[in-house]
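What follows is each chain in one-letter form.
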Amino acid sequence: MYENRQARAGYSEKGNMNNTYDAIVLGLGGIGSAALYWLSRQLGERVLGMEQYEIGHLHGGSHDHSRIIRLSYHTPNYVALAKEAYAAWAVVEDDNNAPLILKTGGLDFAPPNSAIPITDYTSSLTAQGVSFEMLEPNEVMKRWPQFNLDDETPALYQEESGIAPAAKCVASHIHLAQQYGAQVMTDSPVQQIREADGEVEVVSNGTTYRCHRLVIASGAWSNHHLAHFGIHLPLTVTKEQVVYFDSPNSDDFAPERFPIWIWMDEPCFYGFPVYGERGPKVAQDAGGEETTVETRTYEQDEAAFQRVDRFVQQVLPSAHAKPIYSKTCLYTMPPDRDFVLDFLPNSKNIVMGIGAGHAFKFSSLLGKILGELVMDGQSNSPIKPFGIRRPILWEANPVKNFMV
């Protein structure tokens, strides 16, 4: 699907001379940088990426060293999408002539009466033909003695799980897109977006840029951009936090000795082997307080830190130590915590991508999908559940469920 189709877009090669592009991408984090990359493979210099800060900034949700990548998910549709995500990353790695994804294997722990039923995962993996092992606690601790488990906490092990290096992946998308000819503008906040004469105009720093199709991939700023069209989605923005522990036993947490892991309960904790820093990383999923891009802070959330610290003392005692540091990011979650991948209502020119606080593993694929919507108006990937017109996104007070 990604053969060169520049002629289809219908713009002349001199389009950039008057700030006119076939496509513009707003936001160059995980999903936006991927959309720029996949579009650049077809459009070259006729695609523009616009970022309101610098590339790799710390204000959104796509920075830091590592994100989990995994095939294990709670529905067959997500497992199918995860398969495609691995394939998309393989294309990027081949294009980049360097590896990105680091496979460590992964454990999904199932404590008694867990809020996230492990059967959702086992049935979804089975439906998609993905192999896995169910391990009793003693077997987990035999293989990975770093864990301290009770007798009632088995785990699902899936060997393809690992690390998607967030900052490195974004940088690779941007670098490759520029090699294909894509234009990149930083420090370019948006003042206005409007549709005019079947096209879209974006005003930034007093200059108007025009395109046939616009991709909005702006994370916590999504509603700011949707406001130009009178749309407001019920998105919850939270300030999340990860902690790197200065373990005296850091060698035991090297990627070849220790997997990524998720504690499938509420609160839900997750963690990584040593990668990017000298100690392992642990965090609580969706445990941060609600915030906005205007009011968020970058200071340590002490209550969140204490929850993580207590968990590490109990379950990963040899990892416990003083923190190297904590780092914050923003989650942007629809009430059902499913992605949004769709054209805006009543528009054939504007595509929206929202990652719901668990998208980085999928980010290259989601950028590819947004590119397919731009170029073809549709995608063959299983994105029907992620339409913007699904009822929960238009309810006045939707019920929130952030368990994934």
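Note that this is a predicted model, so its numbers are computed, not measured.

## Thoughts on the packing of helix α3 (residues 76-96) against helix α9 (residues 363-376)
Where α3 contacts α9, the axes come no closer than 7 Å and their chain directions differ by 90°. In terms of orientation, α3 lies roughly perpendicular with respect to α9. Of the residues in α9, those touching α3 at Leu-81, Glu-84, Ala-85, Ala-88, Trp-89 and Val-92 are Ser-363, Ser-364, Leu-365, Leu-366 and Ile-369. Looking at the contact of α3 with α9, its residues break down into eight nonpolar, two polar and one charged.

## Points about the confidence of the model for the protein chain
Looking at the protein chain as a whole, its pLDDT mean stands at 95, while 96% of the residues score no less than 70. This model gives residues 1-15 a pLDDT under 50, and the stretch forms 37 contacts once residues within four places in sequence are excluded.

## Section: the pattern of salt bridges
Two side chains with opposite charge may pair up if their charged atoms get near one another. Evaluation of the coordinates by the stated rule reveals 17 salt bridges. Here Asp-197 makes a salt bridge to Arg-210, at a shortest N to O gap of 3.8 Å. Of this pair, Asp-197 sits in the loop between β10 (190-196) and β11 (199-204) while Arg-210 is found in strand β12 (residues 207-216), placing the two residues 13 residues apart along the sequence. Looking at Asp-197, the relative accessible area reads 74%, which means it is exposed. Residue Asp-336 is joined to Arg-390 by a salt bridge in which the shortest nitrogen-to-oxygen separation is 2.8 Å.

## Some points on the nonpolar core
Leu-39, Phe-339, Phe-362 and Leu-366 are the most contacted members of the largest nonpolar core, which has 77 residues in total. Ranked by residue count, the leading element in this core is α3, at nine residues.

## What about the packing of helix α2 (residues 30-43) against helix α6 (residues 166-179)?
Where α2 meets α6, the closest approach of the two axes is 8 Å, and the angle between their N-to-C directions is 25°. When the axes of α2 and α6 are compared, the pair comes out roughly parallel. Regarding α2 and α6, the two cross each other, and that crossing is left-handed. From α2, Gly-30, Ser-33, Ala-34, Leu-36, Tyr-37 and Ser-40 reach across to α6, where they touch Val-170, His-173, Ile-174, Leu-176 and Ala-177. Of the residues that constitute the contact of α2 with α6, the class distribution is seven nonpolar, four polar and no charged.

Scoring rules and cut-offs
- Every chain's residues receive numbers from 1 upward, in the order its sequence appears when written.
- Where totals are concerned, whole chains, interfaces and linings use all residues; where local detail is concerned, this predicted model gives features only for residues with pLDDT of at least 70, and gives and counts side-chain atom pairs only at 80 or more.
- The basis for the side-chain values is all heavy atoms of the structure; hydrogens and waters are excluded.
- Orientation is described by lines fitted to C-alpha atoms, with helices fitted over the stretch in contact, and by angles between N-to-C directions that extend from 0 to 180 degrees.
- Counting from the N terminus, the helices are the DSSP runs of H or I reaching at least four residues and the strands are the DSSP runs of E reaching at least two.
- Note on angle classes: values under 35 degrees are labelled roughly parallel, values over 145 roughly antiparallel, values of 65 to 115 roughly perpendicular, and the remainder oblique.
- The contact criterion used throughout is that any non-hydrogen atoms of two residues lie within 4.5 Å.
- Each residue gets one label: Ala, Val, Leu, Ile, Met, Phe, Trp, Tyr, Cys and Pro are nonpolar, Asp, Glu, Lys and Arg are charged, and the others, such as Gly, are polar.
- pLDDT measures how confident the predictor is about each residue, on a scale from 0 to 100.
- Salt bridges, as used here, are contacts in which a Lys or Arg side-chain nitrogen is within 4 Å of a carboxyl oxygen on Asp or Glu.
- Only protein chains enter the calculation, and the probe is 1.4 Å; a residue is then buried if its accessible area is under 20% of its type maximum, exposed if over 50%, and partly exposed in between.
- Nonpolar cores are built from buried Ala, Val, Leu, Ile, Met, Phe, Trp, Tyr and Cys residues. Side-chain atoms within 4.5 Å join them into one set.
- Note: crossing handedness is left-handed where the near helix turns anticlockwise from the far helix by less than a right angle, and right-handed where it turns clockwise.

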